[in-house]
Amino acid sequence: MSWKCKSCGFEANTDGKVACEACGYYDGQVLVLQSQETGKAIRVRISTTVGKHLLRTFAGEEARFASDSQFRVTRDSDTGAWIIEHAPDAKNPTFLNGGKLEACVPLESGACISIGPEKMRLVVAIEA
Ligand SMILES: [Zn+2]
């Protein structure tokens, strides 16, 4: 059995996988990243590399500390959980809840992403 993606129409997705194998679309939880500085937020539905160009649109002045690729948020295609990983070529470290992000870590509502321990703080919310 397979299922068809509502977003791109790809029909051969494996049963049991929650995210589309062609485009990453997932008919479920949305990841919200809200800037503590500006109060503005972005809503992420598919795996996304977050860098300074995207961050400048909502995260205010401190987005300048981000690199072209700062971190990547991906969805586990089996469980649907959102996972964050630091982009290896980013100049400044990505922190999660005040600790340096070293490996892929699942995100939870209320978590705080920052650049270094305190710059450009983003609060995570996961919405159904
Ligand atoms: Zn798709």
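Structure shown above.
Below or above, wherever it landed, is the structure these notes cover. (Residues numbered from 1 in each chain as written. Predicted model: local features only at pLDDT ≥ 70, side-chain atom pairs only at ≥ 80, totals over all residues. Heavy atoms only, no water.)

## Things to note about the coordination of the zinc ion
Every protein donor of the zinc ion is listed here as C5 (SG), C8 (SG), C20 (SG) and C23 (SG), and their distances to the metal cover 2.3 Å. Viewed at the metal, the four donor atoms of the zinc ion are separated by angles of 105 to 112°, and the geometry they form is tetrahedral. Accessibility expressed as a relative area gives 28% for C23, which makes it partly exposed. (Donors = N, O, S within 2.8 Å, 3.2 Å for Na, K, Ca; no water. Tetrahedral: all angles 85-135°; square planar, octahedral: opposite > 155°, others 65-115°. Buried < 20%, exposed > 50% of the residue type's maximum accessible area, 1.4 Å probe, protein only.)

## With respect to the pairing of strand β7 (residues 82-86)
Bridge count for strand β6 (residues 71-75) against β7 is five bridges, and the pairing is antiparallel. Note on β7: the bridge partner recorded for R75 is W82. Here β6 folds back onto β7, and the loop between the two strands holds six residues, one of which, G80, carries a positive phi near 85°. Bridge count between β7 and strand β10 (residues 105-106): two bridges; the pairing is antiparallel. Pairing of I83 across the sheet is with P106, part of β10. (Pairing = 2+ DSSP bridges. Helix = DSSP H or I, 4+ residues; strand = E, 2+ residues; numbered from the N terminus.)

## Here we look at the side chain of Q70
Structurally, Q70 can be placed in the loop between α1 (52-55) and β6. Judged by its relative accessible area of 0%, Q70 falls in the buried class. In this structure the side chain of Q70 is engaged in a polar contact, spanning 2.8 Å, whose partner is the backbone oxygen of N92. With residues up to four places along the chain from it excluded, the contact list for Q70 reads V50, G51, F65, H86, A87, A90, N92, P93, T94 and I115. (Polar contact = N/O pair within 3.5 Å; in protein donor to acceptor, adjacent residues only side chain to side chain. Contact = heavy atoms within 4.5 Å.)

## What about the nonpolar core?
Within the largest apolar cluster, 23 residues are counted, with the highest numbers of intra-cluster contacts made by L55, V73, L107, I113 and L122. Tallying contributions element by element places strand β12 (residues 119-127) first for this core, with three residues. Residue contacts for I113: discarding those within four places in its chain leaves L33, F71, I84, T94, F95, L96, L107, M120, R121, L122 and V124. (Core = buried A, V, L, I, M, F, W, Y, C linked by side-chain atoms within 4.5 Å.)

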